[in-house]
Amino acid sequence: MTQIDFYFDFWSPYAYLASHRLGQLADKHGCTINYCPIDLTRAKLAAGNTGPANLQIPPKIRHLMTDLRRWAGRYGLPFGSVPKGKDTKRINTGALLAQDRGMARDYVREAYDAVWGQGGDPNSDELLTSLAEKLGWDAEEFLRYVGSSAAAERYEAVYERAVERGVFGVPIMIVGDEMWWGNDRLEFLDQFLQEQG
């Protein structure tokens, strides 16, 4: 079965959009998704992308928000305001536990809805507790995990592997040696999987 490695950060709204469509493509082509959470800022810096952030370019951010709302409308997804916080380390790390439990897809869907669908703070204990409860997990156990050194080491290992593979941003999808970057490249991935089928 073909595996799609999906590199994402819950801070990325375009990865939010891509995660929705990617699940549909995986079902269509009988693929599995390997969810690979990384720190977007670190990945960009490692690749030499030191330009200003989108939030520092007012005309760009105005257009970007319009673009995001258009895509969300096309996919039938809720799209709230910009999340209240930018620290995604704990919520990103939680995806690794979800992967262990065979619930990564559900976790990513619920976490993205909380962050970008509802505009929540990805690092708040309240959001993380609510996320765990929606998945039927023990919230205290989940909070301990995402704050643990063992989880941090796993998260770092995923990041280091991403840098080795040339991941420079998110969302990035990799199948074998082929890479696609961006929500708007999913049609090319769909075509590739169709040709491989």
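Heads up: the structure comes first, above all this text.
Definitions and limits used
Residues numbered from 1 in each chain as written. Predicted model: local features only at pLDDT ≥ 70, side-chain atom pairs only at ≥ 80, totals over all residues. Heavy atoms only, no water. Pairing = 2+ DSSP bridges. Helix = DSSP H or I, 4+ residues; strand = E, 2+ residues; numbered from the N terminus. Axes fitted to C-alpha atoms, helices over the stretch in contact; angles between N-to-C directions. Contact = heavy atoms within 4.5 Å. Parallel < 35°, antiparallel > 145°, perpendicular 65-115°, else oblique. Left-handed = near helix turned anticlockwise from the far one by under 90°. Nonpolar A, V, L, I, M, F, W, Y, C, P; charged D, E, K, R; others polar. Buried < 20%, exposed > 50% of the residue type's maximum accessible area, 1.4 Å probe, protein only. Polar contact = N/O pair within 3.5 Å; in protein donor to acceptor, adjacent residues only side chain to side chain. Salt bridge = Lys/Arg side-chain N within 4 Å of Asp/Glu carboxyl O.

(A) Local environment of the sheet that holds strand β1 (residues 3-8). Here 4 strands make up an open sheet; going across it, the order is β2-β1-β3-β4 and the pairing mixed. Because the sheet does not close on itself, it has two edges, and the strands there are β2 (32-37) and β4 (178-181). Neighbour to neighbour, the strand axes of the sheet diverge by 20° on average, direction disregarded. Against the sheet, helix α4 (residues 89-100) makes contact with β1 and β2, and its axis sits at roughly 145° relative to β2, the strand it touches most.

(B) Inspection of the packing of helix α1 (residues 13-29) against helix α3 (residues 58-75) at higher detail. Running from N to C, α1 and α3 cross one another at 15°; their axes reach a closest spacing of 10 Å. The angle between the axes of α1 and α3 places the two elements in the roughly parallel class. In the crossing of α1 with α3, the sense of the turn from one axis to the other is left-handed. Within the contact between the two elements, α1 uses Pro-13, Tyr-14, Leu-17, His-20 and Arg-21 and α3 uses Leu-64, Asp-67, Leu-68, Trp-71, Ala-72 and Tyr-75. Looking at side-chain class alone, the contact of α1 with α3 contains 8 nonpolar, 1 polar and 2 charged residues.

(C) Structural detail: the side chain of Asp-190. Its location among the elements puts Asp-190 in helix α9 (residues 186-196). Residue class for Asp-190 comes out buried when judged on its relative accessible area of 9%. There is a polar contact of 3.1 Å between the side chain of Asp-190 and the side chain of Lys-28.

(D) Just the pattern of salt bridges, in detail. Per the stated rule, a full pass over the model turns up 13 salt bridges. Here Asp-5 and Arg-165 are joined by a salt bridge, their closest N and O atoms 2.7 Å apart. With Asp-5 in strand β1 and Arg-165 in the loop between α8 (149-164) and β3 (172-175), this pair connects stretches of sequence that are 160 residues apart. Of the charged contacts in the structure, one is a salt bridge between Arg-154 and Asp-100, with a shortest N-O distance of 2.7 Å. Separated by 54 residues along the polypeptide, Arg-154 in helix α8 and Asp-100 in helix α4 bring together distant segments of the chain. Residue Arg-154 is classed as partly exposed on the basis of its relative accessible area, which comes to 32%.

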